Amino acid sequence: MIIPIILSGGAGTRLWPLSWGDHPKQFLPLVTKNTMIQETLLRLKGLELGAPIISCGEGHRFMVAQQIGEVSEVKPTILLEPMAKNTAPAIAAACCAAMKQDKDAVVVVLPSDHVIADKEAFQKAVLTAANNAAQGYLVTFGIVPTFPATGYGYVKAAGDESDGAFTLEKFVEKPCLEKAQEYLASGEYAWNSGMFVFKAAIFLEELKTFNPEMAELSIQAFEKAVVDTDFIRLDKDSFGQIKGDSIDYAVMEKTSKGRVVKLNAGWDDVGSWSALYDISQKDENQNVIKGDDVITLDTTSSYIRGGKRTIATIGLDDVVIVDSDDSLLIAAKGKIQDVKKIAEIIKSRS
């Protein structure tokens, strides 16, 4: 049985002013009519799945319950993290929950805010990864790179492809442009997707080997959890003692059981407004227009997302304009990475 584990702890401040505070990007319909967390689960529809497990913070619990309930016929298990401790502890606790459903569960771990255009190719890759996971491997998806990206980490896939997967040789941090060009030319490197498939029990065994304290405290946090109506509150004392770390650092960079399944399915992590522009349909002026009340004159190559009021532009090129109920963003597309700094300034004022 494949059990989805969806991680929904991100803040998504690079998509301010829509993604902010209690409404981060995973709960917004940025690409389709469904929210991003809903799309994350829907792209698995058609596979034989167990009840989904969602890991999130206290403040998002009702949104998770509502949005997942709208697209899932099976009641999800919703784990509430008392505080943010990065991905490894959250995944460990979720693996404990998965093993309550099936002691031999294979889990597919997915961030809640990615875009994947080709559902069929993605599901095929999930099944390939699940077959490898059933043999005891810890599998990550390596996104086949389409350009020398400097904003993503990379994984090196070594050796000959076996059962649809390569040996995971190493993880590489975000490179400079020259290195990224080398990686692309070699054909051996793929973008680090942050998506994983493995047996829950095997992951916990590996975590016990490389970080026994984290493993013990994560398991304790689940075993001492309190059921609160539709939610499972992880034990605050146990979870609070964990020294947070990512799954990459805690396990995947250390394990000898790593495999890579290459994925070419129109993936994007939608990390900025410019990324959303890149994957969206353009009009004849290469503009992406969202909203019914947007008027453009002599405006090109721009992303304009309207709100409740009229937006009119004249003589603009390569800009991002996003209107929300209480804020308005106007930025050069080439400077859009600095939106996170704006969000930090606003947060410091409160």
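The preceding data block contains the structure.
Small disclaimer: the values here were computed from a predicted structure and weren't measured. Sequence order as written defines the numbering, with residues in each chain counted from 1. It should be noted that, the model being predicted, local features are given only for residues of pLDDT at least 70 and side-chain atom pairs only at 80 or more, the latter also being counted only at that level, while totals for whole chains, interfaces and linings use all residues. In computing side-chain values, all of the structure's heavy atoms are included and hydrogens and water are not.

Could you give an account of unusual backbone geometry, naming the residues involved and the relevant values?
Here the bond from tryptophan 16 into proline 17 is cis, since omega is 15 degrees, no more than 30 degrees from zero. One can find proline 17 in the loop between strand 1 (2-8) and helix 1 (36-42). The phi dihedral of aspartate 163 falls on the positive side, at around 55 degrees, and the residue is not glycine. Numbering of helices and strands runs from the N terminus; a helix is a DSSP stretch of H or I covering at least four residues, while a strand is a stretch of E covering at least two. Within the secondary structure layout, aspartate 163 lies in the loop between strand 7 (154-162) and strand 8 (165-172). Here threonine 229, not a glycine, exhibits a phi torsion of approximately 50 degrees, which is positive. Along the polypeptide, threonine 229 turns up in the loop between strand 10 (226-228) and strand 11 (231-233). Relative accessibility decides the category of a residue: with a 1.4 Å probe and only protein chains considered, values under 20% of the type maximum give buried, values over 50% give exposed, and everything between is partly exposed. A residue is classified by how much of its surface remains accessible, and threonine 229, at 64% relative accessible area, is exposed.

An account of the nonpolar core is requested, with residue identities and associated values reported.
To qualify as a nonpolar core, a set must consist of buried Ala, Val, Leu, Ile, Met, Phe, Trp, Tyr and Cys residues joined through side-chain atoms within 4.5 Å. Residues Cys95, Val107, Phe198 and Phe203 are the most contacted members of the largest nonpolar core, which totals 47 residues. Top element by residues in this core is helix 3 (residues 87-101). It accounts for ten residues. Only heavy atoms enter the contact rule, under which two residues are in contact if any of them lie within 4.5 Å. When neighbours within four sequence positions are excluded, valine 107 is seen to be in contact with Ile3, Ile5, Cys95, Ala98, Phe196, Val197, Phe198 and Ala200. Leu47, Val126, Tyr152 and Tyr189 belong to the second largest nonpolar core, which has 31 residues in total.

With reference to specific residues and values, describe the pairing of strand 9 (residues 189-199).
In terms of residue burial, strand 9 counts as a mostly covered element, since nine of its eleven residues are buried. Summarising the sheet, strand 4 (residues 106-111) and strand 9 pair through four bridges and their orientation is antiparallel. Bridge pairing in strand 9 places valine 109 opposite phenylalanine 196. What makes two strands pair is DSSP finding at least two bridges between them. Inspection of the sheet shows strand 7 paired to strand 9 by three bridges, in the antiparallel sense. Residue pairing in the sheet places tyrosine 154 in a bridge with tryptophan 191 of strand 9.

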